[in-house]
Amino acid sequence: MPDQLLFAIEVTLNGLMAGVLYALVALGFVLIFKASGIFNYAQGVMALFAALTLVGIMEGQVPFSHLINAIFGTDVHHFAWEVPALLAILLTMTVMVALAWLVNTLIFRHLVGQEPIILFMATIGLAYFLEGFGDIMWGSDIKTLDVGLPQGLNESIDEFTFNLFGYGFFIDNLDIVATIIAAILVAALVAFSQYTKQGRALRAVADDHQAALSVGISLSFIWVLVWSIAGFVALVAGIMWGAKSGVQFSLSLIALKALPVLMLGGFTSIPGAIVGGLIIGVGEKLFEFLVGPLVGGATENWFAYVLALIFLVFRPQGLFGEKIIERV
Amino acid sequence: MLDASEGYVTPDGRQIGGVMMEMRNITLRFGGVVAIKDISFDIREGEIRAIIGPNGAGKSSMLNVISGFYNPQEGEVWFRGAKRPPMKPFQVARQGIARTFQNIALFEGMTVLDNVMTGRLTQMRSSIWAQALWWGSAEREETENRAHVERVIDFLEIQSIRKTPVGRLPYGLKKRVELARALAAEPKLLLLDEPMAGMNVEEKEDMSRFILDVNDEFGTTIALIEHDMGVVMDLSDRVVVMDYGKKIGDGTPDEVRKNQAVIDAYLGVAHD
Ligand SMILES: Nc1ncnc2c1ncn2[C@@H]1O[C@H](COP(=O)(O)OP(=O)(O)O)[C@@H](O)[C@H]1O
Ligand SMILES: [Mg+2]
C-alpha cells in the first residue's frame with residue numbers, strides 16, 4: 001500500500017476515536033437541551049469540576065483548605081489517607097448528583113417557562129460560579145490525574161500493522177480505552193432513553209410538559225436526572241482528558257469541541273450527536289493531514305467550526321433534525 | 001334519590017356508589033377574572049358526570065382544579081374520604097386520576113404505542129437502578145405493561161396506527177390516542193375535556209360508544225366536559241351546569257333540562 005494511504009488510515013482511526021469522545025460530550029448537551037430547552041454553557045466547566053473533585057478525593061485533599069486555613073489560622077492540606085480510584089469515582093459521581101440537585105433546586109426550577117436566552121445566561125453564570133467554586137474547593141494549581149488507565153503506544157497494533165503493511169500505526173492506549181468506554185456509554189445512554197421507564201419519561205418531558213405532568217411524571221425529578229447524567233458524562237470526559245493533558249482550566253474547553261458537533265447533528269438528536277461527533281473527529285484530523293501542510297497547519301482549531309457553519313447554511317436543522325417549516 | 005349516601009340506581013339499571021370526589025366551595029381567580037365562583041359538587045363511584053356550560057363558563061378551569069393543574073384560592077377538594085392538600089399535577093395523576101386536554105396534549109414526536117406506554121408510568125414500580133440495568137423485575141414489568149397497552153389499543157380500535165408518529169395523525173384519531181393514554185393508567189377517575197369537540201357525526205358516535213364502554217366494562221368513574229347538549233343528555237348520569245364561573249344547575253339530565261336558569265343561559269345568550 002502507498003504510504004500516503006496508510007497515513008490516511010491511521011489518521012482516520014485517530015479521528016474516529018477523538019470523534020467518539022466529542023459525541024459523548026455533545027450528548028451531555030443534547031440530553032439537557034431536549035428535556036428542558038436549556039443550552040448548558042457550563043458543561044465544560046462541569047467536566048473540569050468533576051476532574052478536580054476526583055483528583056482531590058483520590059489524593060485525600062482537604063476541601064476548602066485555603067479558606068479554612070485563612071479563617072482559622074490552621075495549616076491543613078491533606079487528610080492522612082488516599083482513596084482508591086474506583087471508590088473516588090463513585091464519590092465524585094455522588095458529588096455530581098448533589099450538584100445536579102442543587103442546580104435544579106436553586107436555579108432552574110425558578111426559571112421554568114423563561115425565554116431560552118435567559119436560561120442560557122443562567123448557565124453562563126453557573127459556569128463562572130462553578131469555575132471559581134472549583135478553585136476555592138480544590139485549589140487552582142495544575143494537577144495530574146492517574147486512575148490507572150493504560151497509556152502510551154499500543155504495541156500489538158504497532159506490530160500487527162507493521163507486519164501487514166510494513167508501517168506500524170501509532171495508536172495510544174489511552175485513546176483506545178477512552179473510545180471503548182465512550183462507545184459503551186453512548187450505547188447505554190441511547191438504550192436508556194429508548195427502552196427504560198425513565199428514558200420514556202425523559203422523552204415525554206422533552207416533547208410536552210403538560211402531557212408529561214398528566215401521566216404522572218415529576219418534571220423536577222427528570223431535570224435532576226438529566227443534570228446528573230450530564231454530570232456523569234462530564235466526569236467521564238474529565239477523566240479521559242484529565243488523564244491525557246492534566247487537570248487544569250483548559251479542560252473546560254472540551255465543551256467548545258461539542259459545539260460544532262451540535263451544529264452538525266442538531267441540538268435535539270441523539271443519533272445526530274453520535275454521527276456529528278464522528279464526522280468532526282475524522283474530518284478535522286484528515287483535513288489537517290491533507291490540507292494542513294499547504295496552509296501552514298493548525299487547521300484543527302477552526303476546521304470544525306467552518307464545517308459546521310457551511311452546514312448551518314444548507315441544513316439549519318442539522319443532520320437528523322426535522323425540516324423546519326414556518327407555520328403561517 | 002340523590003340524597004342516599006350509599007348511591008343510587010340509574011334508569012338503565014347501573015348501581016352508582018358513594019362519593020368519590022367532592023369539590024367544596026371552590027373559588028379560582030386569575031388576577032381580576034373569577035373563573036370559578038364558590039362552586040360545590042360531587043362525583044360518585046361509577047358515575048358519568050358531565051360539566052356543561054357556554055364558552056368561558058369555567059369548565060376547563062374546574063377540570064384543571066381536579067387534576068391539580070390549577071390550585072384554587074378558596075375551597076377544599078376531597079378525594080375518597082380525605083381532604084386533599086395542594087398537589088402538583090403529577091401527584092394527582094399518581095393517585096389514579098387521568099385526563100385528556102381540550103387542545104390535545106400528546107407527545108407528537110413519539111409513536112402511538114409509545115404515547116400510550118407513557119400512560120403506564122404511574123403503574124411502574126421498578127427502581128431506576130433496576131431499569132437502568134434491566135434487572136429482573138424491570139423486564140417482566142415492561143412485558144406486562146406492553147400487554148396491557150395492547151389491550152387498550154385493541155379496545156379503542158387503533159391497532160392499525162400503532163407505529164405511526166402521533167404528529168402525523170388527523171385530529172379525530174389524536175383525540176382517541178389521548179383517551180388511550182389516559183386509559184392505560186387504569187384510572188379510578190377519568191377526566192375528559194371536550195372529548196368530542198371538532199369531530200364529525202360519525203367520530204362523535206364512536207367516541208360516545210367508547211366512553212360508555214369504558215364506564216361499563218372497567219367501572220371507571222368519568223367526569224366529562226361537553227357543550228353539545230344532545231350528547232351530554234345521552235351519556236351522563238348527572239350534570240353540573242356552569243355559567244360565568246357560577247353553578248346554575250345540578251341534577252339528572254331531565255332535571256337540568258327543565259331548569260329555568262339553564263334554559264336562560266343556553267337560549268338567552270349567544271355564547272356558543
Ligand atoms: N391560565 C389562565 N390564565 C388566565 N385566565 C384563565 C386561565 N385559564 C382560564 N382563564 C379564564 O377563566 C375563564 C374560564 O375559562 P375556561 O375554564 O377555559 O372556560 P370553559 O372551559 O368553560 O370554556 C375565562 O375567562 C378564561 O379566560
Ligand atoms: Mg374549556
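Residues numbered from 1 in each chain as written. Chains lettered and ligands numbered in written order. Predicted model: local features only at pLDDT ≥ 70, side-chain atom pairs only at ≥ 80, totals over all residues. Heavy atoms only, no water.

Peer 1: Help me understand the overall build of chain B, please; the structure alone is not making it clear to me.
Peer 2: Looking only at helices and strands, one finds ten helices and twelve strands in chain B. Computed over C-alpha atoms, the radius of gyration of chain B comes to 19 Å, within 12% of the 19 Å expected from 2.2 N^0.38 for 272 residues, which places it in the range of a compact globule. On the principal axes, the C-alpha backbone points of chain B span a range of 60 × 45 × 40 Å. The buried share of chain B, taken over its 272 residues, is 54%. Sequence separation of 24 or more characterises 66% of the internal contacts of chain B that already satisfy a separation of 6 or more. Carbon and sulfur atoms make up 50% of the accessible area of chain B, which amounts to about 12,100 Å² in all. (Helix = DSSP H or I, 4+ residues; strand = E, 2+ residues; numbered from the N terminus. Rg over C-alpha atoms; globule rule 2.2 N^0.38 Å. Buried < 20%, exposed > 50% of the residue type's maximum accessible area, 1.4 Å probe, protein only. Contact = heavy atoms within 4.5 Å. Areas by Shrake-Rupley, 256 points an atom, 1.4 Å probe, with all protein chains shown as cover.)

Peer 1: Help me out: how do you make sense of the interface of chain B and chain A in this one?
Peer 2: In this complex, chain B contributes 27 residues to the contact, which on the side of chain A involves 21 residues. Summing the contributions of chain B and of chain A, the shared interface buries around 2,100 Å²; its carbon and sulfur component is 64%. Taken together, the links from chain B to chain A amount to three salt bridges. Across the salt bridge formed by Glu-142 of chain B and Arg-200 of chain A, the nearest N and O atoms sit 2.8 Å from each other. Inspection of the region where chain B meets chain A yields five residue pairs in polar contact (both at pLDDT 80 or more). Only helix H2 (89–94), helix H3 (112–118) and helix H4 (128–133) of chain B provide two or more residues apiece to the side of chain B that touches chain A. No other element matches the four residues that H2 of chain B contributes to the side of chain B that touches chain A. (Buried area = accessible area lost by both parts, 1.4 Å probe. Salt bridge = Lys/Arg side-chain N within 4 Å of Asp/Glu carboxyl O. Polar contact = N/O pair within 3.5 Å; in protein donor to acceptor, adjacent residues only side chain to side chain.)

Peer 1: Hey, could you run me through the sheet that holds strand S4 (residues 33–44) of chain B in this one?
Peer 2: Spatially, the four strands line up as an open sheet ordered S4-S3-S6-S7 (chain B), and their pairing is antiparallel. The open sheet has two edge strands, S4 and strand S7 (82–83) of chain B, and neither has a second partner. (Pairing = 2+ DSSP bridges.)

Peer 1: What exactly am I supposed to notice about the side chain of Ser-67 of chain B here?
Peer 2: Mapped onto the fold, Ser-67 of chain B is located in the loop between helix H1 (59–66) and strand S6 (74–79). Only 3.0 Å separates the side chain of Ser-67 of chain B from the side chain of Arg-99 of chain B, close enough to count as a polar contact.

Peer 1: In this structure, what is going on with the pairing of strand S10 (residues 221–225) of chain B? I would like to understand it.
Peer 2: For a regular strand, side chains alternate in direction, first toward one face of the sheet and then toward the other. All names here are of chain B. Of all five residues making up S10, five are buried, and the element is well covered by its neighbours. Strand direction decides the pairing type here: strand S5 (residues 48–52) and S10, joined by four bridges, are parallel. When the bridges of S10 are listed, Ile-48 appears paired with Ile-222. Bridging between strand S9 (residues 189–193) and S10 involves five bridges; their strand directions are parallel. Residue pairing across strands places Leu-190 opposite Ile-222, the latter belonging to S10. Remark: the S9/helix H7 (residues 201–218)/S10 crossover connection has right-handed handedness. (Right-handed = clockwise from strand over helix to strand, strands pointing away.)

Peer 1: I would appreciate a short explanation of the sheet that holds S5 of chain B in the present structure.
Peer 2: Neighbouring strands of a sheet are bound in pairs by backbone hydrogen bonds; such pairs are parallel or else antiparallel. Residue and element names in this part refer to chain B. With respect to topology, six strands assemble into an open sheet ordered S8-S9-S10-S5-S11-S12, the strand pairing being mixed. Two strands lie at the open edges of the sheet, namely strand S8 (97–99) and strand S12 (246–251), each paired on one side alone. Direction aside, the axes of adjacent strands within the sheet are offset by 15° on average. Its contacts with the sheet put helix H6 (residues 171–184) on S8 and S9, and the angle it makes with S9 is roughly 160°. (Axes fitted to C-alpha atoms, helices over the stretch in contact; angles between N-to-C directions.)

Peer 1: Whenever I open this one, the coordination of the magnesium ion (ligand 2) confuses me. Can you help?
Peer 2: Octahedral metals with six donors have ideal donor angles of 90 or 180 degrees. Tetrahedral metals with four donors have an ideal donor angle of 109.5 degrees. The coordination sphere of the magnesium ion (ligand 2), as far as protein atoms go, consists of Ser-60 of chain B (OG) and Gln-102 of chain B (OE1), spread over 2.0 to 2.1 Å. Remark: Gln-102 of chain B occurs in the loop between S8 and H3 and Ser-60 of chain B occurs in helix H1; sequence separation between them is 42 residues. (Donors = N, O, S within 2.8 Å, 3.2 Å for Na, K, Ca; no water.)

Peer 1: Where do I start with the site of ligand 1 in this structure?
Peer 2: Residue and element names in this part refer to chain B. If you check the shell around ligand 1, you find Phe-30, Val-33, Ala-35, Pro-54, Asn-55, Gly-56, Ala-57, Gly-58, Lys-59, Ser-60, Ser-61 and Tyr-70 and nothing else. Between ligand 1 and Ser-61 there is a distance of 2.6 Å, counted from an oxygen atom to a side-chain nitrogen or oxygen. In the environment of ligand 1, a nitrogen atom lies 3.0 Å from a nitrogen or oxygen atom belonging to the side chain of Tyr-70. Taken by itself ligand 1 offers 560 Å² of open surface, and the protein chains cover 62% of this. Going through the elements one at a time, S4 and H1 are the ones with two or more residues in the shell around ligand 1. At three residues, the largest contribution of residues to the shell around ligand 1 is made by H1. Taken together, the residues of the shell around ligand 1 sort by class into six nonpolar, five polar and one charged. (Near = heavy atom within 4 Å. Nonpolar A, V, L, I, M, F, W, Y, C, P; charged D, E, K, R; others polar.)

Peer 1: Is there a simple way to explain the environment of Val-239 of chain B in this structure?
Peer 2: Residues and elements named next belong to chain B. As for its position among the elements, Val-239 is in strand S11 (residues 238–243). Taking the C-alpha atoms as reference points, Val-239 and Thr-27, 212 residues apart in sequence, are found 19 Å from one another. Those residues in contact with Val-239 that sit more than four places away from it in its chain are Arg-49, Ala-50, Ile-52, Val-232, Gly-249, Asp-250, Gly-251, Pro-253 and Val-256.

Peer 1: Help me understand the domain arrangement of chain B, please; the structure alone is not making it clear to me.
Peer 2: A common way to state how big an interface is: give the accessible area lost once the parts meet. Residue and element names in this part refer to chain B. Taken domain by domain, chain B consists of domain 1 (1–96 + 187–272) and domain 2 (111–186). One C-alpha centre belongs to domain 1, the other to domain 2, and the line joining them spans 27 Å. Each side of the interface is counted separately: domain 1 has 21 residues, and domain 2 has 13 residues. Between domain 1 and domain 2, the buried area comes to about 1,300 Å², and carbon and sulfur atoms account for 72% of it. Of all residues in domain 1, the largest losses of buried area upon contact with domain 2 belong to Pro-187, Met-207 and Phe-210, amounting jointly to 38% of the total for that side. Taken together, the links from domain 1 to domain 2 amount to two salt bridges. Our count for the contact surface shared by domain 1 and domain 2 stands at three residue pairs in polar contact (both at pLDDT 80 or more). At the level of secondary structure, the elements contributing two or more residues to the side of domain 1 that touches domain 2 comprise H2, S9 and H7. A total of nine residues in the side of domain 1 that touches domain 2 trace back to one element, the largest contributor, which is H7. (Domains from an automatic or database assignment.)

Peer 1: I tried to follow helix H6 (residues 155–165) of chain A on my own but got confused; where do I start?
Peer 2: Residue pairs three or four apart in sequence face the same way in an α-helix, which turns once every 3.6 residues. Residues and elements named next belong to chain A. The element H6 is barely covered by neighbouring structure, given that only one of its eleven residues are classed as buried. The backbone nitrogen of Ser-156 has a side-chain oxygen 3.1 Å away, supplied by the residue at the start of H6, namely Asn-154. Backbone geometry just after H6 places Gly-166 at a positive phi near 75°.

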